[in-house]
Amino acid sequence: MGGLSRRDFLKASAAAAAFAAAGASAAASLRPKDASASEGDIRWGKAPCRFCGTGCGVLIGVRDGRIVATKGDPQAPVNKGLNCIKGYFLSKILYGTDRLTKPLIRKGDTMVEASWDEAMTLIAGKFKESIDKHGPDSVAMYGSGQWTVFEGYAASKLFKGGIGTNNVEPNARLCMASSVTGFMSTFGGDEPMGCFDDLDLGDTFFLWGANMAECHPVLFSRMIDNRLRNPQVKIIDFATRYTRTSQMADQYVKFNPQTDLALLNAIAHVIIRDKLYDEQFIKDHVVFKRGKENIGYGLEDKFKFADEPKLIGFDEYKAFLKPYTPEYVAKLSSVPAKTIVELAHLYADKSRKVNSLWTMGFNQHTRGTWVNNLAYNVHLLTSKICKPGENPMSLTGQPSACGTTREVGTFTHRLPADMVVMNPEHREKAARIWGIDPKKIPAKPTYNATEMFRALDRGDIKVVWIQVTNPFQSLPNLSRYRKGARKGDGRFIVVSDIYPTRSTELADVILPSACWIEKEGMFGNAERRTQHWFKQIDPPGEARNDLWQTIELAKRLGYGSLFPYTYPEKEIWEEYRKFGEGQGKDLAPYESYTKARGLCWPVVNGKETTYRYVEGFDPYVKAGEGIKFYKNKADHYKAVVWARPYEPAPEVPDRHYPFWLCTGRVLEHWHTGTMTGRVPEIMRANPSAVCEMHPVDAGRLGIKDHQKVKITSRRGTIILPVNLNGRGKAEKGNIFVAFFDEGKLINELCLDAYCPISGEPDYKKCAVKIEKA
Amino acid sequence: MPVSGVIITCAEGCSAEVSSRISSINGVEVHGILPDGQIVAVVEADTVDGEVELVAGLYEVEGIQAVRLAYHNFEDIAH
């Protein structure tokens, strides 16, 4: 190392890591091995990234108990050594100056420091009092897709198996519940058949309502890298807003909000009309169904819906599609008929490996389940499914939306491994594993997330504990729920978090939590990959992990015997994986995950499954079976093509409220900004929300760029500066506002309408008016 | 002073031009262009803030499609 400074070596390390991630050797004069030698005093540990559902592998460098460096994990199959720009902020999210470090208890308008014992005694007392007076359904737990597997499991076990209420919901209800109901209704089992390798192996990518370049940058880069290697690769961006993704796509197809339903039916119409479908595949692997129509929008409190699916024949399905001609749908969607025909042919092109990818545009939709079904229809009709390089995939926004909320089943109706509380056999199995009386688990689901906060507003729920999420910024029609939280009359709100948020400000008790590598954890990403990390640093002050907090409540309520663990994380994992064994949801022993860079389930005999339902990849499909949708026993192991119509959104622009409002995320910020908002450099780059608007609309209203406007819906008003030429560009008649800004609660304007099947609200469509402020 | 190693993906045929353009940016050091056209660069600034500004700026350079982070060391700055 003679003559070279540590800085030179650090620069060499940086370059060497980049060369290694790109699969090349460093050409620099400083040899990479010297560079790594200089890092001898840094201890490296692995973890999945804390942010989105991609699940990129990160190596974290710790010295003297603090993070001093991070690397993309070269061994991680998801990101192969490269992180997105949020990688710069991974460590900083832990080190914000206003980190919560002590329990706080409300005394009037102020929050007063308390000991853990005082706080937990108060919380347990309120739970007991409410359960005694009003029954177990008066208390609730609201968690998130950022819960570790262990935390979600403990919460579900305590509430369903101990307290005896199904009042457990995650914020994932707000972001991918429609994906769950889409998978369940089409395939009988949740989560995708394909994996991220499809991004490298496919050559045709249809993106629907997914700004991948900003929200899933690493996955988008894999697709872009693929296109650089293979000039055949085509990316088609179906969207209602022009984004960085649109800019880099080969084709941008703008459509009117809600008409994705009609467009997918028109694509299926052309596939049938022009005989582009795979008749043999349909005969072998598909049944057709039609369910209830005109199904409502969940706007009324205690809204209930149950679908009534009926089997139909292929001919009836063809007849159902008849009205969806390209010409009719062109009028509805504003996508030219010629384009619809061309893209239907591209979807069905036998020489192409076709993928569909979607996120919130589909899932946050009052017909979210339907639109998921319709995307699968196109893949099933053309047999572009269950093959390496061609699959449909719903991407997720949170690091363990799949691993915790979906797989552990922290929804009101779910139990682990796709089981549901409504099914007596499932309750019995859960009770057996939990060592409880099956009668303890109520047979009826209670509230989806929106209904849970409606129940709090009405006073049917009195005590709610919120962990790892920020509902009083993220719920739609937010004003109602914020007011409801502080109505008094026995309502009591506990919030566990790492920073003060718009939810902690409404809390009666705030508990300081450990975050990410301050505790041991497991997350499951969007490709069924379960990843483990060890605790690598201590949390600040008296902060403790949410798993400990939940178990502490259990002990104080008399349910300590449900958690008889000496090493809770390891023992919970071994208990939890009993649910999935032999169900196509098999997980490996705990130790396997401590070494591997994640494993995609089902993991059978130590081997992960990259492609499900397909012979040669999935151990549940026997030799000679080819493809088998083995989770859908009710339909003889076939997938369902659904006849689902186009139905309009519940609130459409009119004379009084002439614009569509769409909300969403931006590259720099993650969700409600409680973590990224602590990073001064992000706040400087993207300090506050803006209203993206089309220049023609602005011109018509006499509004200039950066001028402040008043945006009003039937539920609220907000004032924001206009951005006419930003990275994202609104189409005519539409505006877009990101929801990260805690100072500008755009969700106050959103309608709390939801998909009747999934219960997921639509944050992408409501009507607003714009005036100069 | 934080330092990071990044990989820059360029539009086809743009790598040489992008490389020379970004080499002139103070704080960005190009370490090589790979056969597939990707550029390996080291970014350094007085603060992480500065680094992020540099990387965000790279996104605006014509011909650059993506910037990904391989390594980040910030050991000598107080959090």
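Residues numbered from 1 in each chain as written. Chains lettered and ligands numbered in written order. Predicted model: local features only at pLDDT ≥ 70, side-chain atom pairs only at ≥ 80, totals over all residues. Heavy atoms only, no water.

Looking now at the overall build of chain A. Scanning chain A from terminus to terminus reveals 26 helices and 31 strands. The globule rule puts the C-alpha radius of gyration for 773 residues at 28 Å, and the 25 Å found for chain A is close to it. Taken over the C-alpha atoms alone, chain A extends approximately 75 × 70 × 65 Å along its principal axes. For chain A, buried positions account for 67% of its 773 residues. For chain A, restricting intrachain contacts to residue pairs at least 6 apart in sequence, the fraction spanning at least 24 positions comes to 73%. As displayed, chain A offers around 25500 Å² of accessible surface, 52% of which is attributable to carbon and sulfur atoms. Once the 107 positive and 89 negative side-chain charges of chain A are each reduced to a mean point, those two points are 2 Å apart. (Helix = DSSP H or I, 4+ residues; strand = E, 2+ residues; numbered from the N terminus. Rg over C-alpha atoms; globule rule 2.2 N^0.38 Å. Buried < 20%, exposed > 50% of the residue type's maximum accessible area, 1.4 Å probe, protein only. Contact = heavy atoms within 4.5 Å. Areas by Shrake-Rupley, 256 points an atom, 1.4 Å probe, with all protein chains shown as cover. Lys, Arg positive; Asp, Glu negative; His and termini not counted. Charge placed at Lys NZ, Arg CZ, Asp CG, Glu CD.)

Side chains three or four residues apart in an α-helix point the same way, a direct result of the helix having 3.6 residues per turn. All names here are of chain A. Buried residues of helix H18 (residues 424-434): Arg427, Lys429, Ala430, Ala431, Ile433 and Trp434, and no others. Along its buried surface, H18 packs onto helix H4 (149-163), strand S16 (414-415), strand S17 (419-420) and helix H23 (568-576). Among the residues of H18, the N-terminal cap falls to Asn423, whose side-chain oxygen and the backbone nitrogen of Glu425 are separated by 2.8 Å. After H18 finishes, the residue Gly435 shows a positive phi value of roughly 70°. (Polar contact = N/O pair within 3.5 Å; in protein donor to acceptor, adjacent residues only side chain to side chain.)

Before going further, it helps to examine the pairing of strand S5 (residues 110-113) of chain A. Across a regular strand the side chains alternate sides, sitting on one face of the sheet and then on the other. The pairing of strand S4 (residues 104-107) of chain A with S5 of chain A spans 4 bridges and is antiparallel. Each residue of the ladder has a partner; that of Leu104 of chain A, found in S5 of chain A, is Glu113 of chain A. (Pairing = 2+ DSSP bridges.)

It is worth spelling out the pattern of salt bridges at this point. All names here are of chain A. Under the defined criterion, the tally for this structure stands at 61 salt bridges over all chains. One salt bridge in this structure joins Arg406 and Asp190, with 2.8 Å as the shortest N-O distance. Here Asp190 lies in the loop between helix H5 (177-187) and helix H6 (198-201) and Arg406 lies in helix H17 (residues 401-409), a separation of 216 residues in the sequence. With respect to burial, Arg406 and Asp190 carry one shared label: buried. (Salt bridge = Lys/Arg side-chain N within 4 Å of Asp/Glu carboxyl O.)

This paragraph deals with the packing of helix H19 (residues 449-458) of chain A against helix H21 (residues 478-485) of chain A. All names here are of chain A. Look at H19 against H21: their axes get within 8 Å of each other, and the N-to-C directions meet at 45°. The pairing of H19 with H21 is recorded here as oblique in orientation. Helix-helix and strand crossings are classified by hand; for H19 and H21 the assignment is left-handed. On H21, the residues touching Thr450, Phe453, Arg454, Leu456, Asp457 and Arg458 of H19 are Arg480, Tyr481, Gly484 and Ala485. Class assignment for the residues of the contact of H19 with H21 results in 4 nonpolar, 2 polar and 4 charged. (Axes fitted to C-alpha atoms, helices over the stretch in contact; angles between N-to-C directions. Parallel < 35°, antiparallel > 145°, perpendicular 65-115°, else oblique. Left-handed = near helix turned anticlockwise from the far one by under 90°. Nonpolar A, V, L, I, M, F, W, Y, C, P; charged D, E, K, R; others polar.)

Attention now goes to the nonpolar core. Ranked by internal contacts, the top residues of the largest apolar core, which has 70 residues, are Tyr88 of chain A together with Ile8 of chain B. If one sorts the elements of this core by residue count, helix H2 (residues 48-59) of chain B sits on top with 6 residues. Discounting chain neighbours no more than four positions away, the residues touching Tyr88 of chain A are Ser4, Val6, Val43, Val48, Glu51, Val52, Val55, Leu69 and His72 of chain B. Within the second largest apolar cluster, 64 residues are counted, among which are Leu263, Ala268, Phe288 and Leu321 of chain A. (Core = buried A, V, L, I, M, F, W, Y, C linked by side-chain atoms within 4.5 Å.)

The subject of this paragraph is the state of the cysteines. Enumeration over the complete set of coordinates arrives at 0 disulfides over all chains. Free of any disulfide, Cys755 of chain A has its nearest cysteine sulfur in Cys175 of chain A, 14 Å distant. A relative accessible area of 0% means that Cys755 of chain A is categorised as buried. Unpaired in terms of disulfides, Cys10 of chain B finds its nearest cysteine sulfur in Cys14 of chain B, a separation of 6.9 Å. Judged by relative accessible area, Cys10 of chain B falls into the buried class, the value being 4%. (Disulfide = S-S within 2.5 Å.)

Tallying the contact residues gives 45 residues for chain A and 38 residues for chain B. When the area that chain A buries against chain B is broken down by residue, the three leading residues are Arg7, Lys11 and Tyr88 of chain A, summing to 19%. Connecting chain A to chain B are 5 salt bridges. Linking Lys11 of chain A and Glu29 of chain B is a salt bridge whose minimum nitrogen-to-oxygen distance equals 2.8 Å. Our count for the chain A to chain B interface comes out at 13 residue pairs in polar contact (both at pLDDT 80 or more). Broken down by secondary-structure element, the contributors of at least two residues to the side of chain A that touches chain B are helix H1 (6-21), strand S3 (66-72), helix H8 (217-229), helix H9 (244-248) and helix H25 (680-685) of chain A. When residues in the side of chain A that touches chain B are grouped by element, the largest group, 11 residues, is from H1 of chain A. Classifying every residue of the side of chain A that touches chain B gives 24 nonpolar, 8 polar and 13 charged. (Buried area = accessible area lost by both parts, 1.4 Å probe.)

So, about the environment of Tyr142 of chain A. All names here are of chain A. Note that Tyr142 resides in strand S6 (residues 139-143). The exposure class assigned to Tyr142 is buried, which follows from its relative accessible area of 0%. In this structure the C-alpha to C-alpha distance between Tyr142 and Val468, which are 326 residues apart in sequence, comes to 8.7 Å.

Moving on, we get to the domain arrangement of chain A. All names here are of chain A. Annotation of chain A at the domain level lists domain 1 (4-93), domain 2 (104-175 + 399-564), domain 3 (177-292 + 304-394 + 638-643) and domain 4 (659-750). Residue-level contacts link 15 residues of domain 2 with 19 residues of domain 3. On the surface where domain 2 and domain 3 come into contact, there are 2 salt bridges. One salt bridge in this structure joins Asp190 and Arg414, with 3.7 Å as the shortest N-O distance. Counting across the domain 2 and domain 3 interface gives 9 residue pairs in polar contact (both at pLDDT 80 or more). The leading source of residues in the side of domain 2 that touches domain 3 is H17, at 3 residues. (Domains from an automatic or database assignment.)

Turning our eyes to something else, we now look at the side chain of Gln146 of chain A. Residue and element names in this part refer to chain A. As for its placement among the helices and strands, Gln146 is situated in the loop between S6 and H4. Residue Gln146 is classed as buried on the basis of its relative accessible area, which comes to 9%. A distance of 3.1 Å separates the side chain of Gln146 from the side chain of Arg50, its partner in a polar contact. Here the side chain of Gln146 touches Gln398 through a polar contact of 2.7 Å, side chain to side chain.

All names here are of chain A. Strands sit in the order S25-S30-S26-S28-S27-S31 around a closed barrel of 6 strands; the barrel is mixed. Adjacent strand axes in the sheet meet at a mean angle of 45° when their direction is disregarded. Judged from the 2 bridges that link them, strand S26 (residues 691-693) and strand S30 (residues 734-738) form a sheet pairing that is antiparallel. Bridge assignment links Glu692 to a residue of S30, and that residue is Phe736.

Further remarks concern the layout of surface pockets. Residue and element names in this part refer to chain A. In this structure, the largest pocket spans a volume of roughly 1100 Å³. Lining the largest pocket are 38 residues; nearest its centre among them are Phe305, His413, Met422, Pro756 and Ile757. Listing elements by their share of the lining of the largest pocket, those giving two or more residues are H5, H19 and strand S24 (639-643). When grouped by side-chain class, the residues that make up the lining of the largest pocket number 16 nonpolar, 10 polar and 12 charged. When residues are assigned to domains, the lining of the largest pocket turns out to be shared by domain 2 (104-175 + 399-564) and domain 3 (177-292 + 304-394 + 638-643), each giving three or more. When its volume is computed, the second largest pocket comes out at roughly 720 Å³. Around the second largest pocket, the lining comprises 23 residues; the ones closest to its centre are Gly188, Asp418, His426, Gln583 and Lys631. The set of elements that each furnish at least two residues to the lining of the second largest pocket consists of S17 and H18. For the lining of the second largest pocket, the element with the highest residue contribution is H18, accounting for 4 residues. (1 Å grid on protein atoms, 1.4 Å probe; cavity = no way out; pocket = protein on both sides within 12 Å on 5 of 7 lines; lining within 4 Å. Points joined across faces, edges and corners; volume = space filled by probe spheres on them.)

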